[in-house]
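A look at the structure
In case you want the letters, here they are:
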Amino acid sequence: MRKRAIIIILDGVGIGEAPDAACYGDVGSNTLGNLSRAVGGMNLPNLRSAGLGNIATLAGVEPVQAAAAAWGVMIPRSAGKDSTTGHWEIAGVQLERPFATYPNGFPADIIDAFARRTGRDVIGNVAGSGTAIMDRYAAEHLRTGSWIVYTSADSVFQVAAHEDVVRLAELYRACEIARQLLVAPHDVSRVIARPFAGKPGAFARTKNRRDFSLPPPRDTLLDALALARVVRDGVGKVDDLFAGRALHSKHTASNADGIVAIREWLTDAPSGLLFANLVDFDQQFGHRNDASGFYEALREFDAALPSFLAALREDDLLFITADHGNDPTTPSTDHARECVPVLAFGPRVVPGPLGRRDTFADLGATVADWFGIAFRGTGSSFLGTLLTP
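Summary of the structure given here. Here the residue index of a chain counts from 1 through its sequence in written order. Since the coordinates come from a predicted model, pLDDT governs what is reported: local features require at least 70, and pairs of side-chain atoms require 80 or more to be given and counted, while whole-chain, interface and lining totals use all residues. Calculation of side-chain values draws on the structure's entire complement of heavy atoms; hydrogens and water are dropped beforehand.

Structural notes on unusual backbone geometry
The criterion, for reference: Strands are runs of DSSP state E lasting at least two residues, helices are runs of H or I lasting at least four, and both sets are numbered from the N terminus onward.
Of the consecutive residues A184 and P185, the connecting peptide bond is found in the cis state with omega at 5 degrees. Residue placement: P185 occurs in the loop between α7 (168-181) and β6 (190-197). The backbone of N125 sits at a positive phi, close to 55 degrees, despite the residue not being glycine. In this structure, N125 sits in strand β3 (residues 122-127). With phi around 55 degrees, A243 is a residue other than glycine that occupies positive phi space.

Structural notes on the layout of surface pockets
Over the atoms, a rolled probe matching the size of one water molecule traces out where space is still vacant. Spelled out, the test is: Only protein atoms enter the 1 Å grid, on which a cavity is a set of points fitting a 1.4 Å probe that cannot get out and a pocket is an open set with protein on both sides within 12 Å along at least 5 of 7 lines, lining residues being those with an atom within 4 Å of a point. Grid points are joined across faces, edges and corners, and a volume is the space filled by probe spheres set on the points. The nonpolar class holds Ala, Val, Leu, Ile, Met, Phe, Trp, Tyr, Cys and Pro. Asp, Glu, Lys and Arg form the charged class, and all remaining residues, Gly among them, are polar.
In this structure, the largest pocket occupies an estimated 370 Å³ of space. At the level of secondary structure, the elements contributing two or more residues to the lining of the largest pocket comprise β8 (210-213), β11 (272-278) and α11 (280-286). Sort the elements by how many residues they give to the lining of the largest pocket and α11 lands first, with 3 residues. Reported here for the second largest pocket is a volume of approximately 300 Å³. Forming the boundary of the second largest pocket are 24 residues, of which S152, Q158, R194, R205 and H287 lie nearest the centre. Elements represented by at least two residues in the lining of the second largest pocket include exactly α6 (130-144), β5 (156-162), β6 and α11. A total of 3 residues in the lining of the second largest pocket trace back to one element, the largest contributor, which is β6. A per-class count over the lining of the second largest pocket returns 4 nonpolar, 11 polar and 9 charged.

A few points about helix α13 (residues 361-370)
Helical geometry: 3.6 residues make up each α-helical turn, so side chains three or four residues apart lie on a common side. We apply this condition: Partly exposed residues are those whose accessible area sits between 20% and 50% of the maximum for their type, while under 20% is buried and over 50% is exposed, using a 1.4 Å probe and protein chains only.
Extensive coverage of α13 is indicated by the burial of 9 of its 10 residues. Buried within α13 are the following residues: A361, D362, L363, G364, A365, T366, V367, A368 and W370. Immediately downstream of α13, the backbone of G372 shows phi near 75 degrees, a positive value.

Some points on the packing of aromatic side chains
As a reminder of what qualifies: What counts as a ring pair is set by centres within 6.5 Å for rings of Phe, Tyr and Trp (its six-membered ring), and what kind of pair is set by the plane angle: stacked under 30 degrees, edge-to-face over 60, tilted for all other angles.
Under the defined criterion, the tally for this structure stands at 10 aromatic pairs. With a centroid separation of 4.7 Å and an interplanar angle of 55 degrees, the aromatic rings of F106 and F157 are classed as tilted. In this pair, F106 sits in the loop between α4 (83-90) and α5 (108-118) while F157 sits in strand β5, placing the two residues 51 residues apart along the sequence. Taking the relative accessible area as the measure of exposure, F106 reaches 5% and is therefore buried. Note on F157: relative accessible area 1%, which makes it buried.

Some thoughts on the sheet that holds strand β10 (residues 248-250)
We count it as follows: Here, a strand pair is defined by DSSP locating no fewer than two bridges between the strands. Lines are fitted to the C-alpha atoms to define the axes, a helix being fitted only along its stretch in contact, and any angle between axes, read from their N-to-C directions, falls within 0 to 180 degrees.
Judged by pairing direction, the sheet is mixed, and its 8 strands sit side by side in the order β10-β9-β11-β1-β12-β13-β2-β14 without closing on themselves. Only two strands of the sheet have a single partner each, and these edge strands are β10 and β14 (352-357). Neighbouring strand axes in the sheet, compared pairwise and without regard to direction, differ in orientation by 20 degrees on average. The sheet contact formed by strand β2 (residues 70-74) and β14 spans 5 bridges and is parallel. Across the sheet, A70 pairs through a bridge with G352, a residue of β14.

Side note on the pattern of salt bridges
Rules: By salt bridge we mean one thing: a side-chain nitrogen of Lys or Arg within 4 Å of a carboxyl oxygen of Asp or Glu.
Scanning the entire structure with this criterion turns up 18 salt bridges. In this structure, R337 engages D20 in a salt bridge whose closest nitrogen and oxygen atoms are separated by 2.9 Å. Within this pair, whereas R337 is found in the loop between β12 (316-321) and β13 (340-345), its partner D20 is found in the loop between β1 (4-10) and α1 (31-38), the two being separated by 317 residues in sequence. Looking at R337, the relative accessible area reads 2%, which means it is buried.

That is the geometry; function is a separate question.
Written as structure tokens, this is what we have:
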């Protein structure tokens, strides 16, 4: 089988509040729509040609009559709004309850066990943004060697350490220990290693982040493809989100590195699935309410899109979508409960509307259908709408 499918996740690039946004405190969140107005209109010529402006009203990205892609929107159905939840739903697994969150910090027994088993004390154990946490606790960490543990509105247990104080191997091992401790009823979605470097007043995260996710509770698209012996490759943090199950990913330091890795796969891979995540939209700009940086990242991706399309072969399908929203124009610095865009490209794709898909899982079902396997997860394939008869 020489077929290929490429799923590119623009992390955090939502396109309007989901029907249940009020349940998550996210009424009014609209990552692309609000961003387009905040920057005075977006100049994204290649995404516009694809039909991005046909999905929703976006300042500067007008609808087009003859789009280069099929376009639509997908509604989240899983409980929760983090990266793990969104990626799992795309891959066919819907969660009925959200992962646990800890706005007031983690229970003392968890923190005590973590300190005891890792051999270092803990400071922090609060909720906050990463940059503020470093500013607040880094000096004490440098003096004592204690772990900086923190969380956010999302289901995450984050462990920060300066790379000159704690070797990466020790930090990663500590996160593995935390992952072992954080099981039901404290089953947080992800443990995240947050190494940083620099001096007081100039601390910065390094490229050596690692995510330690819970494994999916049921078979995913990736498991089904593995059973069918379809090759599965990743770019970015995707394998971490599936706890390394049925996927190996090339980890990248930035969107720019991810774009290069996607381009290399398109050039070299003979067949199979590429599941890629470009995280800078979310990590660098959404969480920091940096609207101008977010827009520049979109422009960077827009400029790269023609090279992706030029590398597509006859039996290729390329999907561009997202996993949740992260609106940099709202007071919140956390993820937002939003619908996500979906654009589909390929020599055999019929440009036109895909409508409002009832779940992210429709994308995974479509990819499975493309590869000729029966898996549909909790979704429905739209392959028949997508392809030239």
